[in-house]
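Summary of structural features
Read off the chains here:
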Amino acid sequence: MSYNPSEIEAKWQNKWDDEKAFEPDDALTRKKKYILSMFPFPSGRLHMGHVRNYAIGDAFARYYRKQNFNVLHPIGWDAFGMPAENAAIKHGRHPKDWTYSNIDYMRKELNALGLSFSKTREFATCDELYTKWEQEFIIKMFEEKLLYRESTTVNWCEDCHTVLANEQVEEGCCWRCDNEVQLKEMPGYYLDIIKYADELLDDLKLLEGKWPNQVITMQSNWIGKSQGLEFDFELSEASKAKLGGNFDKYTVFTTRPDTIYGVTYSALAAEHPITKYLLEHGQLDEDVAQKITHIANMTERERAQADKEGYALGLTVIHPLTNEEIPVWTANFVLASYGGGAVMAVPAHDERDFEFASKYELPIKRVISGGEELPYTLEGELIDSAAFTGLGNYQAKAKIIAMFEETGFGKGTTNFKLRNWGVSRQRYWGAPIPFVHCKSCGLVPEKIENLPIALPEDVEITGEGNPLENHPTWKNCACPKCGEDAIRETDTLDTFVQSSWYQFRYATNPKKWETTGIDKEEANYWLGVDQYIGGIEHAILHLLYARFFTKVLRDLGYHDIDEPFENLLTQGMVLMDGAKMSKSKGNTVDPDALVEKYGADTARLFTLFAAPPAKELEWNDSAVEGAFRFIKKLYDRKDKVTQNTLPDIDQGSLGKESKLARVKVYEALQKSSDVYEKTFAFNTLIAACMEALNALDKQDDGAVWSEGMYIMLNLLEPIIPHVATELSEVLFERKNLQAVLEVKEEVFVQESVLYVVMIGGKKRTEIEMSPSATQDEILAAAKEAGAKWLEGMSIVKEIVVPNKLVNLAVKPS
RNA sequence: GCGUCAGUGGUGGAACGGUAGACACGCUACCUUGAGGGGGUAGUGCCCUAGUGGUGUGGAGGUUCAAAUCCUCUCUGACGCACCA
């Protein structure tokens with residue numbers, strides 16, 4: 001019978017369902033592996049990126065199951081989010097209906113790929129039971145003051161009608177719709193991720209060698225820790241008077257306290273309270289005021305692209321060390337969101353300060369020696385710096401900070417680029433933020449026993465505003481504290497909140513889902529995730545948030561885990577004609593059609609064979625055919641097998657080709673643990689199996705064939721599970737899939753060893769030697785064989801690499 | 001500008017510092033088939049005077065008996081960050 005993938009695949013998918021083959025043990029006694037591929041958004045259909053992601057994860061899960069681990073390999077749905085609402089607006093379907101029917105369809109698609117997911121642990125993040133626990137966490141975070149509500153300038157996407165977190169702004173545009181982001185002042189809920197910035201940064205060390213370097217560096221840069229000095233500039237008396245006595249001083253931050261004697265001006269952001277005061281009280285010339293307002297209305301990105309621009313504010317401050325009076329300017333390069341929105345400017349040793357000072361003819365004073373031109377930003381000795389003159393600038397930094405601390409004028413401090421995570425979204429299809437606004441009690445969290453605060457279903461979604469705002473019976477409620485009339489919060493949580501803790505939900509036994517959010521004992525057993533697989537695009541967003549949530553939930557007592565994802569594999573994109581597959585470009589391949597035509601095993605084999613997982617995968621129709629051909633060949637060779645167990649083979653009785661075939665088979669077996677545990681180079685493991693099959697084909701010993709298939713099917717089962725299980729069933733009653741296979745070293749013992757003879761570093765000839773040959777014998781044979789190239793030469797050095805080669809270093813004699 | 005990663009045949013890609021190009025795709029020739037498809041055999045980095053020849057892993061140096069691999073510089077590309085004081 002010839003290879004019929006659809007029949008075989010349906011048969012085994014049903015059988016696996018019946019056998020409940022992929023559920024982890026409830027008992028937490030065996031060694032465990034938690035294998036997780038990032039869960040999908042239920043967009044409607046699977047794409048090739050999903051196939052790649054889940055093929056990789058499934059290979060790990062099946063491999064470790066065969067190594068006798070208790071394996072948790074779950075799947076779920078990242079189900080809240082804008083596309084559901086957009087679909088509702090476009091097609092008039094309710095987001096809930098749209099989402100759950102997409103899930104039903106995509107579940108079937110995943111099933112057709114033969115992925116070994118636990119079926120009992122599946123959930124969607126829009127399930128009310130999931131929302132319930134999430135809301136509990138949010139309330140606990142509020143109680144611990146990790147969640148707060150505040151009105152600030154936020155990133156606003158007009159297209160999506162919602163606020164965006166800093167991490168969701170890419171090159172000044174919305175991460176989802178690419179619309180330009182605007183600035184807007186409005187209230188919102190924030191998670192104090194900065195409180196965990198140090199731990200998030202330090203613990204990156206624990207991930208070295210286990211996460212891609214690139215991701216670690218990106219996170220480290222994003223957190224952006226810098227250490228320096230924070231001190232106050234006292235305003236001059238005249239300036240205090242000008243500000244109506246409302247301000248005495250303001251704080252600045254610098255990472256270069258060693259240059260403090262070179263300060264020639266100070267600059268404030270357009271949004272700084274002092275700048276604002278001057279604007280609001282008409283203290284500035286009208287055209288200057290207009291220009292400053294114009295700057296304030298620009299996004300950070302626009303300002304970054306603009307030329308340096310600033311205006312003197314007619315104020316002065318006192319230099320804390322020299323008591324000089326220093327002019328205060330406002331400048332478009334000073335960011336309101338960092339370091340208090342005010343800087344000391346040292347044009348001699350900072351490029352921005354220099355550019356600005358040059359443009360506005362402000363004085364420039366060198367205080368660090370070195371180099372010829374200004375600005376000079378490298379190391380050097382201090383000059384013209386009072387008692388610190390002559391010190392190296394590195395040493396001076398520490399001394400100046402110490403001096404400020406002693407005198408109480410300032411202190412050493414740390415600043416982060418990381419901003420607190422804004423989690424409120426003005427959208428319907430998300431988890432409601434479980435708070436109530438009460439006239440007398442203020443902001444009040446819901447009572448835990450009232451959770452979940454579920455979304456009302458009777459809403460009309462038009463795209464104009466948040467439907468929760470227009471739903472009186474939902475919006476109007478009683479205050480959980482005083483019982484008076486109150487208004488429910490209508491903002492919902494960022495969808496990244498749901499994906500920040502799903503790894504803990506899977507680890508909690510579904511039997512407890514009604515009564516427990518995260519089971520501590522089970523979380524401690526299953527986590528960290530032993531292998532996490534997903535796209536590089538989450539390097540900052542999801543992976544940073546999930547690390548943060550893990551630490552917060554730990555501190556709230558839900559578990560004792562520090563890092564959620566032990567090992568991370570970031571898969572490359574799937575490309576067609578060099579470009580990312582996308583509907584808009586029309587260069588997609590439909591996984592359903594692929595499975596229909598060739599079967600799931602071919603789809604999986606191709607995606608794992610065509611490129612190593614971390615690299616981009618270029619689509620190639622002919623290579624898919626090639627993968628199909630290999631499976632077909634493997635299937636056809638079942639007739640070569642003569643025994644239904646692993647045979648004992650007398651190596652001595654075999655011909656040369658059979659011996660070589662055994663070598664290839666055992667080389668593949670040896671490679672397998674390396675691939676799963678270290679290199680992840682599935683492509684080379686598949687290549688090794690192809691070599692083994694090619695070598696088996698060159699001989700006809702039934703026992704060698706039986707042994708070869710027994711082992712190869714075991715190795716290939718994680719990759720092409722249907723056909724490998726089918727053949728294993730027919731040939732070996734699946735005994736080969738239960739066994740942990742051992743390498744037989746005697747297979748590698750050869751009667752003769754081929755040595756390459758190199759003369760002067762060039763390959764010249766080969767010699768065949770007995771494995772017991774001494775070094776002298778090998779050298780003698782090499783010299784004889786290479787006599788032709790040794791003529792007129794004298795040997796200066798002789799190298800013998802056992803079982804590999806001889807290198808004779810020569811020079812003309 | 002800064003950071004990370006990567007540059008190997010026509011293509012995807014292999015190579016503990018030890019025979020560069022495994023494996024696969026494509027291509028060429030031949031065999032099988034009525035054709036197509038499928039299968040099989042042989043060949044396939046480049047150059048030449050065709051050899052047990054020369055050369056070859058973006059480029060230039062270096063370390064080594066030996067370098068795609070290690071070091072220095074440089075070029076190119078991808079991704080990320082980007083006035084962070």
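In what follows, the structure referred to is the one given above.
Throughout what follows, the structure given in this document is the object of discussion. Being a predicted model, the structure only gives us computed values, none of them experimental. (Residues numbered from 1 in each chain as written. Chains lettered and ligands numbered in written order. Predicted model: local features only at pLDDT ≥ 70, side-chain atom pairs only at ≥ 80, totals over all residues. Heavy atoms only, no water.)

Points about helix α9 (residues 273-280)
Since the α-helix advances by 3.6 residues per turn, residues separated by three or four positions end up pointing in the same direction. Using the following cut-off: Burial status follows relative accessibility: with a 1.4 Å probe on protein chains alone, a residue under 20% of its type maximum counts as buried, one over 50% as exposed, and anything between as partly exposed. Secondary structure elements follow DSSP: runs of H or I of four or more residues count as helices, runs of E of two or more count as strands, with numbering from the N terminus. In this description, one arc is meant: the one made by directions from the helix axis to the C-beta atoms.
Taken residue by residue, α9 has Ile-274, Thr-275, Tyr-277 and Leu-278 as its buried positions. One side of α9 carries all its buried residues, which in axial view fall inside an arc of 160°. Of the residues flanking the end of α9, it is Gly-282, one or two places downstream, whose phi is positive at about 60°.

Quick look at helix α5 (residues 128-143)
Quick note on the threshold: The length a helix should cover is 1.5 Å for every residue beyond the first.
Here α5 is 16 residues long and its end C-alpha atoms lie 23 Å apart, about the 22 Å a rise of 1.5 Å per residue gives. Residues Tyr-130, Thr-131, Trp-133, Glu-134, Gln-135, Glu-136, Phe-137, Ile-138, Ile-139 and Met-141 constitute the buried set of α5. Positive backbone phi, approximately 65°, marks Lys-145, located one or two places after α5.

Observations concerning the sheet that holds strand β22 (residues 531-535)
The following threshold applies: Criterion used throughout: strands pair if DSSP finds at least two bridges between them. For every element, the axis is a line fit to its C-alpha atoms; helices are fit only across the contacting stretch, and the angle between N-to-C directions ranges from 0 to 180 degrees.
One open sheet holds the four strands; their spatial order is β2-β1-β22-β23, and the pairing between them is parallel. The sheet is open, and its two borders are formed by β2 (70-72) and β23 (568-571), each paired with just one other strand. Strand-to-strand twist in this sheet, taken as the mean axis angle between neighbours without regard to direction, amounts to 15°.

Here we look at the protein's contact with RNA strand B
Test applied: One heavy atom within 4 Å of a molecule or strand makes the whole residue count as near it. As used in this structure description, the phrase polar contact means that two N or O atoms lie within 3.5 Å; if the pair is within protein, one of them must be able to donate a hydrogen and the other to accept it, and residues adjacent in sequence are counted only when both atoms belong to side chains. Residue polarity follows a fixed list, in which Ala, Val, Leu, Ile, Met, Phe, Trp, Tyr, Cys and Pro are nonpolar, Asp, Glu, Lys and Arg are charged, and the others, Gly among them, are polar.
The environment of RNA strand B is made up of 52 residues, and the closest members are Arg-303, Lys-308, Arg-352, Ala-610 and Lys-788. In RNA strand B, atoms within 4 Å of the protein come from the sugar-phosphate backbone in 63% of cases. At 3.0 Å, a side-chain N or O of Glu-691 approaches a sugar or linking oxygen of RNA strand B. Within the side chain of Lys-797, one N or O atom sits 3.2 Å away from a phosphate oxygen of RNA strand B. Within the surface near RNA strand B, the residues separate by chemical class into 21 nonpolar, 15 polar and 16 charged.

Structural notes on the environment of Asn-246
Relative to the helices and strands, Asn-246 resides in the loop between α8 (237-242) and β9 (249-254). Through-space distance from the C-alpha of Asn-246 to that of Ile-274 is 9.0 Å; in sequence the pair is 28 residues apart. Here Tyr-277 takes part through its side chain, which lies 3.2 Å from a polar atom of the side chain of Asn-246.

Here's the deal with the sheet that holds strand β25 (residues 579-580)
Taking strand neighbours across the sheet as the criterion, the three strands line up as β25-β24-β26 in an open arrangement whose pairing is mixed. Each end of this open sheet is capped by a strand with a single partner; those strands are β25 and β26 (617-618). Here strand β24 (residues 574-576) runs beside β26; their pairing, made up of two bridges, is parallel. Looking at the pairing, Leu-575 lines up with Glu-618 of β26.

Quick look at the packing of aromatic side chains
Basically, it comes down to this: Pairing of aromatic rings covers Phe, Tyr and the six-membered ring of Trp, with a centre-to-centre limit of 6.5 Å; geometry is then stacked below 30 degrees between planes, edge-to-face above 60, and tilted otherwise.
Applying the stated criterion across every chain, the model contains 49 aromatic pairs. Here Trp-421 and Phe-549 contribute two aromatic rings whose centre-to-centre distance is 6.2 Å and whose plane-to-plane angle is 70°, an arrangement assigned as edge-to-face. Residue Trp-421 is located in strand β15 (residues 421-422), and its partner Phe-549 is located in helix α18 (residues 541-555); the two are separated by 128 residues in the primary sequence. When sorted by exposure, Trp-421 lands in the same class as Phe-549, which is buried. An angle of 65° between the planes, with centres 4.8 Å apart, marks the rings of Phe-606 and Trp-619 as edge-to-face. Of this pair, Phe-606 sits in helix α20 (residues 600-609) while Trp-619 sits in the loop between β26 and α21 (621-636), placing them 13 residues apart in sequence. Residue Phe-606 is classed as buried on the basis of its relative accessible area of 2%.

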